[in-house]
Amino acid sequence: MSESKPNIIVAANRDELNVVAAQFIARVAKDSIAARSRCIIALSGGSTPKLLYALLAQPEWSARFDWNRIHLFWSDERCVPIDHPDSNFAMVNKELLSKVPIPKENVHRYRTELGDASAVAADYEKTLREVFDVSADEVPRFDLTLLGLGENGHTASLFPHCPALRETERLVVADYVEEVKSWRLTFTARLINASRNIVFLISGASKAEVVRAVLNGPRKPEELPAQLINSSGDGEVTWIIDRAAAVLIQNTATAP
Ligand code: 6PG
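Computed from a predicted structure; not experimentally measured.

Caption draft 1: Just the site of the ligand, in detail. Around the ligand, a shell composed of 16 residues is seen, among which Ser47, Thr48, Asp76, Ala156 and Lys207 lie nearest. Arg78 places a side-chain nitrogen or oxygen 2.7 Å from an oxygen atom of the ligand. Protein contact buries 88% of the 420 Å² of open area that the ligand shows by itself. In this structure the site holding the ligand corresponds to the second largest pocket. Split by residue class, the shell around the ligand holds 2 nonpolar, 10 polar and 4 charged.

Caption draft 2: Fine view of the layout of surface pockets. Considered as a void within the structure, the second largest pocket measures approximately 260 Å³ in volume. What lines the second largest pocket is a set of 18 residues, and nearest its centre among them are Gly45, Gly46, Ser47, Arg78 and His154. Class assignment of the residues belonging to the lining of the second largest pocket gives a composition of 4 nonpolar, 10 polar and 4 charged.

Caption draft 3: Here's a closer look at the side chain of Asn106. Among the secondary structure elements, Asn106 is positioned in the loop between helix H4 (88-95) and helix H5 (117-132). Look at Asn106 and you get buried, because its relative accessible area is 5%. A distance of 3.1 Å separates the side chain of Asn106 from the backbone oxygen of Asn68, its partner in a polar contact. A distance of 2.9 Å separates a polar atom in the side chain of Asn106 from the backbone oxygen of Ile70. Contacts of Asn106, omitting those with residues within four sequence positions, involve Trp67, Asn68, Arg69, Ile70, His71 and Leu72.

Caption draft 4: Inspection of the pattern of salt bridges at higher detail. A full pass over the atoms with the stated rule returns 16 salt bridges. We note a salt bridge from Arg184 to Asp76, for which the minimum N-O separation is 3.7 Å. In this pair, Arg184 is assigned in strand E7 (residues 182-187) and Asp76 in strand E4 (residues 76-78), connecting sequence segments 108 residues apart. Within the structure, one salt-bridge network assembled from shared partners comprises Arg36, Asp143 and Arg196.

Caption draft 5: Geometry of the pairing of strand E8 (residues 197-202). Extensive coverage of E8 is indicated by the burial of 6 of its 6 residues. Neither face of E8 is exposed, since Asn197, Val199 and Leu201 on one face and Ile198, Phe200 and Ile202 on the opposite face are all buried. On the question of chirality, the crossover connecting E8 to the parallel strand E9 (residues 236-242) by way of helix H7 (residues 208-216) is right-handed.

Caption draft 6: Region of the structure containing H4. Within the span of H4, buried status applies to Asn88, Phe89, Met91, Val92 and Glu95. On an axial view of H4, the arc spanned by its buried residues comes to 160 degrees, and they lie on one face. Where the residues of H4 are buried, they touch strand E2 (39-43), helix H2 (50-56), strand E3 (70-74) and E4. Two or three places before Phe89, at the start of H4, stands the capping residue Ser87, its side-chain oxygen 3.2 Å from that residue's backbone nitrogen.

Caption draft 7: Structural context of the pairing of strand E5 (residues 144-147). Burial along E5 is two-sided: Leu144 and Leu146 facing one way and Thr145 and Leu147 facing the other are all buried. Bridge count between E2 and E5: 2 bridges; the pairing is parallel. By the bridge assignment, Ile41 is partnered in E5 with Leu144. Bridge count between E5 and E8: 3 bridges; the pairing is parallel. In the sheet register, Thr145 faces E8, and the bridge partner there is Ile198.

What counts, and at which threshold
- Residues numbered from 1 in each chain as written.
- Predicted model: local features only at pLDDT ≥ 70, side-chain atom pairs only at ≥ 80, totals over all residues.
- Heavy atoms only, no water.
- Near = heavy atom within 4 Å.
- Polar contact = N/O pair within 3.5 Å; in protein donor to acceptor, adjacent residues only side chain to side chain.
- Areas by Shrake-Rupley, 256 points an atom, 1.4 Å probe, with all protein chains shown as cover.
- 1 Å grid on protein atoms, 1.4 Å probe; cavity = no way out; pocket = protein on both sides within 12 Å on 5 of 7 lines; lining within 4 Å.
- Sits in = over half its atoms within 2 Å of the grid points.
- Nonpolar A, V, L, I, M, F, W, Y, C, P; charged D, E, K, R; others polar.
- Points joined across faces, edges and corners; volume = space filled by probe spheres on them.
- Helix = DSSP H or I, 4+ residues; strand = E, 2+ residues; numbered from the N terminus.
- Buried < 20%, exposed > 50% of the residue type's maximum accessible area, 1.4 Å probe, protein only.
- Contact = heavy atoms within 4.5 Å.
- Salt bridge = Lys/Arg side-chain N within 4 Å of Asp/Glu carboxyl O.
- Right-handed = clockwise from strand over helix to strand, strands pointing away.
- Arc of directions from axis to C-beta.
- Pairing = 2+ DSSP bridges.

That's the geometry; what it means functionally is another story.
Put into structure tokens, the structure is as follows:
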């Protein structure tokens with residue numbers, strides 16, 4: 001797996017972070033639709049991207065997207081009902097999906113109502129393959145996979161020391177994560193790393209140390225799973241982070 005260095009864009013503050021990310025996504029969507037008539041994006045959960053989704057839902061941003069040609073997935077999900085406060089689908093639905101004209105058939109959520117977490121993961125992987133129209137031995141290539149970064153170095157729901165970190169075949173798996181005392185559903189590194197664009201969206205001083213450890217510290221992916229994320233082909237990895245989260249890393253580019 002190539003260990004090419006990620007692109008790093010440092011935004012002055014949280015507002016600029018969201019504008020830079022929205023511009024990035026709009027560009028990828030335009031280019032993907034021009035090249036392949038559609039754009040398939042995997043969204044991140046957690047709190048950081050909420051303001052980004054709210055920005056994309058605003059008319060002046062929403063108008064920049066051809067929603068009929070955009071498909072949305074989630075890079076991870078909590079194995080809870082879709083009306084549960086922890087649901088990543090519920091958060092995105094509230095902030096974005098309920099406010100933009102994306103066709104329902106283009107929104108691909110985890111069917112957590114199936115109950116058993118492993119069955120939900122297998123069902124999601126089946127849906128992935130159908131939407132991408134790829135065979136069992138191909139890895140679908142997302143046009144953009146959006147990720148966050150936990151203070152413990154997890155990304156998506158790839159948590160330290162979890163079996164998901166060592167998965168080399170499947171694309172979507174379920175792990176019981178002791179740290180959060182819940183079943184989590186997640187893309188594997190194999191799937192994430194096939195993306196044309198991988199974007200980490202990170203904000204705040206509380207993430208400064210983990211950003212330093214992941215980017216500049218020793219490689220120890222069992223403890224810092226975000227270190228598993230590198231493009232496996234000709235894709236690009238971009239860290240869009242604000243100044244507070246970037247304070248401990250060297251040689252950073254600043255947002256244009
Ligand atoms: C989730 C996310 C997770 C998140 C990180 C950072 O389902 O919670 O996918 O990987 O991105 O935990 O979360 P915050 O943005 O809330 O700091």
